[in-house]
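# Coordinate inspection notes
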Amino acid sequence: MTSQTYPAKQHLLKTAKNLGADTGVIFVRGGDILTHPDSDTEYEFHQDSNFYYLTGVKEPAFAAALDIASGTAILFVNSVSADEAVWIGVPPSLDDYRATHGFDQAHYTADIASVIAELNPAQIYVLPHHSTTQLGKLLLASVPVDTEKLITAVHEARVFKDDHEIAVMRKANQISGDAHVQLMHKARVGMNEAELRGQFVGLVLSQGCDYEAYGSITARGRNAAILHYTKNNMQLDSDQDMILVDAGGTLKNYASDITRTWPLGAKFSPKCRDIYQIVLDMQKAVIAACVPHKQWEDMHILSNRVAAEGLLKVGILKGDIDSIMKNFVVGYFMPHGIGHLIGIDTHDVGGYPTGTERINVPGLRYLRARREMLPRMAFTVEPGLYFVDAILADAKANPDVAKHIDFDMVAKYRSVGGVRIEDNIVITETGNDNLTSCPKEIAEIESIRASAYA
């Protein structure tokens, strides 16, 4: 269960600790509503992620501050006029907002400059993408404003999840995982990819999610070889195909990110089963290896070795496994990283601490995180294997890589398209906690798919 009060003050204090400053004021402001050009139709509002982390406020045009020395957390509330209240309703009182979000004080945004001036700060810390105009010209003229240090401090705070965040993410995973299972039960040959996407969105919203965590992917057959496939408009026309569903809901501004791949018929075809089992072995090996103090990039390398063993067994790869690994051959079948940090954002912040560079080799260059795994970090684990024509053409043109690939076997498996399996985990003191409870074993999936045609 999550606590009723969002831990905004704890997040502000955690960020201030990362700043390493004993005095000064942190000032942040939320996003504003945007309107489509030449219309009165608003874009759907999503709160600035850093602001939400520090405040728990979903509404637009709010701001917040922390007086570092005293630890006083101040919320600045957007004032709603009587005319506006006709359309959006009468808002809570200042004290209601203060109590709901766990702040020490609450004031209206019109009073930002005067309230912060009374704190007499020696320094103000702001985010580089946040406007400072509400601080007022006099305050800005007399107090230095740092626009660089706060972003790193917030990002590092967001990397480590507290109990509230983990509980929300677990619930988001449960809702989204249940929706994935419903799609496995309902999908039939003759449907359209768009129908499955629409059903998924409806299911997660009906169970309390705020919105899709990202644009859902429902890719059948060869479409699954497109990593971020977004068309979602093809007919499901063959029971020999698989469908890859990469979809998650956002609950209380925290994302889930789950992928399942399963047959459109009652059973996996032999070729689909081969590739699916390799990816499942990759994921299970990585999840078992995710423990504190290991490096995230080593999880990617582990997944590649398991993949190489599996692809050698089915005859797609050939030769010595050490040479295969040395030449990064699996990177031509798994061109993305093994996973990423997850939290308020699906691809959450903090993956590359200051000074950390990317590894410029196939597959590894697309890792979204390179850092030591530590307790309370949340990651996705999402190995995949894909038959992408353009990438395999590059492999064929590279003699050191091509010597390890049987391209006749590649042609036989090309119709598989792609397979990805993705769970969300949190690193614990001794291992990890898998937040995703959704069938992925072949026998489990085939049992569900058989019931779909019963």
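The protein is annotated in an unreviewed UniProt entry as Aminopeptidase P N-terminal domain-containing protein of Coemansia spiralis. Check the Cofactor (unreviewed entry) section of the UniProt entry for the protein; it says "Mn(2+)".

So, about the overall build of the protein. For the protein, the helix and strand inventory stands at 16 helices and 17 strands. Its C-alpha atoms give the protein a radius of gyration of 25 Å, near enough to 22 Å, the size a compact globule of 454 residues would have. Across its three principal directions, the C-alpha atoms of the protein cover 75 × 45 × 45 Å. Relative to its full complement of 454 residues, the protein shows a buried share of 54%. Restricting to contacts in the protein with at least 6 residues of sequence separation, those with at least 24 account for 73%. Summed over its atoms, the accessible surface of the protein is roughly 19400 Å², and 52% of this surface lies on carbon and sulfur atoms. Each charge class in the protein can be summarised by its mean position, and for the 42 positive and 56 negative side chains these summaries are 7 Å apart.

Note that His 404 resides in the loop between helix H14 (399-402) and helix H15 (407-413). At 2.8 Å, the side chain of His 404 forms a polar contact with the side chain of Ser 323. Setting aside chain neighbours within four positions, we find His 404 in contact with Ile 316, Leu 317, Lys 318, Gly 319, Asp 320, Ser 323, Ile 324, Asn 327 and Val 329.

Time to look at the UniProt feature "domain: Aminopeptidase P N-terminal" (unreviewed entry) in the protein. As recorded in UniProt, the sites labelled "domain: Aminopeptidase P N-terminal" (unreviewed entry) are residues 6-134. Here residues 6-134 runs as 33% helix and 17% strand, with 25 Å between its end C-alpha atoms.

Among the secondary structure elements, Phe 387 is positioned in the loop between strand E14 (384-386) and helix H13 (389-396). C-alpha of Phe 387 to C-alpha of Val 419: the two residues are 32 residues apart in sequence and 9.4 Å apart in space. In this structure Phe 387 touches Arg 222, Ala 225, Ile 275, Ile 316, Phe 333, Leu 392, Val 410, Tyr 413, Arg 414, Val 416 and Gly 417, once residues within four positions along its chain are discounted.

Ranked by size, the top nonpolar core spans 121 residues in total, and within it Trp 262, Ile 275, Trp 296, Ile 316, Leu 317 and Phe 333 carry the most contacts. It is helix H10 (residues 270-289) that contributes the most residues to this core, 10 residues altogether. Counting contributing residues, this core receives three or more from each of domain 1 (8-159) and domain 2 (163-452). Contacts of Trp 296, omitting those with residues within four sequence positions, involve Cys 290, Ile 338, Gly 339, His 340, Leu 367, Ala 369, Arg 371, Met 373, Phe 379, Thr 380 and Val 381. Core analysis: the second largest hydrophobic core is formed by 14 residues, Ile 74, Phe 76, Ile 124 and Val 126 among them.

With respect to the helices and strands, Thr 346 occurs in the loop between helix H12 (321-326) and strand E13 (378-381). Looking at Thr 346, the relative accessible area reads 11%, which means it is buried. A polar atom in the side chain of Thr 346 sits 3.1 Å from the backbone oxygen of Ala 213.

In this model, H10 (20 residues) spans 29 Å end to end at C-alpha, consistent with the 28 Å of a helix rising 1.5 Å per residue. Regarding H10, the residues found buried are Cys 272, Ile 275, Tyr 276, Ile 278, Val 279, Leu 280, Met 282, Gln 283, Val 286, Ile 287 and Ala 289.

Let us now look at a nonpolar patch on the surface. Judged by side-chain polarity, Val 86, Trp 87 and Ile 88 come together as a nonpolar surface patch covering roughly 450 Å² of accessible area. The topology assignment puts Trp 87 in helix H3 (residues 82-88).

Counted under the stated rule, the structure contains 7 aromatic pairs. An angle of 40° between the planes, with centres 4.9 Å apart, marks the rings of Phe 268 and Tyr 276 as tilted. Of the two residues, Phe 268 and Tyr 276, both sit in the buried class. For the pair Phe 387 and Tyr 413, a centre-to-centre distance of 6.5 Å together with 15° between the ring planes defines the contact as stacked. Residue Phe 387 is found in the loop between E14 and H13, and its partner Tyr 413 is found in helix H15; the two are separated by 26 residues along the sequence. Overall, Phe 387 belongs to the buried group, its relative accessible area being 1%. Aromatic ring contacts, followed pair by pair, group Tyr 6, Tyr 52 and Tyr 254 into a single cluster. A cation over a ring is seen here: Arg 188 above Tyr 453, with NZ or CZ 5.8 Å from the ring centre. A cation over an aromatic ring shows up here: Lys 396 above the ring of Phe 407, its NZ or CZ 5.2 Å from the ring centre.

Rules used in this analysis
- For every chain, the first residue of its written sequence is number 1, and the numbers climb from 1 along that sequence.
- Per-residue local features of the predicted model are confined to residues with pLDDT of at least 70, and side-chain atom pairs are confined, for both listing and counting, to 80 or more; whole-chain, interface and lining totals are unaffected and use all residues.
- The side-chain values count all of the structure's non-hydrogen atoms but skip hydrogen atoms and water molecules.
- UniProt positions are given in the numbering used here, feature names are shortened, and annotations may be inferred rather than shown by experiment.
- Every helix listed is a DSSP run of H or I at least four residues long, and every strand listed is a run of E at least two residues long, numbered separately from the N terminus.
- Radius of gyration here is computed from C-alpha atoms only, and the compact-globule reference equals 2.2 Å multiplied by the residue count raised to the power 0.38.
- Residue burial is assigned from relative accessible area. The probe radius is 1.4 Å, only protein chains are included, and a residue is buried under 20% of its type maximum, exposed over 50%, and partly exposed in between.
- We call two residues in contact whenever any of their non-hydrogen atoms come within 4.5 Å of each other.
- Using a 1.4 Å probe, the Shrake-Rupley method yields the accessible areas, and only the shown protein chains count as cover for residues.
- In this tally, Lys and Arg are treated as positive and Asp and Glu as negative; His is ignored, and so are the chain termini.
- To locate a charge, take NZ of a lysine, CZ of an arginine, CG of an aspartate or CD of a glutamate.
- Pairs of N or O atoms are called polar contacts if they sit within 3.5 Å, as long as, within protein, a hydrogen donor faces a hydrogen acceptor (for residues adjacent in sequence, only side-chain-to-side-chain pairs).
- By nonpolar core we mean a set of buried residues, namely Ala, Val, Leu, Ile, Met, Phe, Trp, Tyr and Cys, connected to one another through side-chain atoms within 4.5 Å.
- Where each domain begins and ends is defined by an automated method or by a domain database.
- Multiplying 1.5 Å by the helix residue count minus one yields the expected span of that helix.
- Note that patches include only residues with greater than 30% relative accessible area and no salt bridge, and the join distances are 9 Å for like charges and 5 Å for nonpolar side chains (Val, Leu, Ile, Met, Phe, Trp, Tyr).
- Whenever Lys or Arg places a side-chain nitrogen within 4 Å of a carboxyl oxygen from Asp or Glu, that contact is recorded as a salt bridge.
- Stacked, tilted and edge-to-face are the three classes applied to pairs of Phe, Tyr and Trp rings, where Trp contributes its six-membered ring and a pair requires centres within 6.5 Å; stacked means planes under 30 degrees apart, edge-to-face means over 60, and tilted covers the rest.
- Geometrically, a lysine NZ or arginine CZ counts as sitting over a ring once it is within 6 Å of the ring centre and also within 35 degrees of the ring normal.

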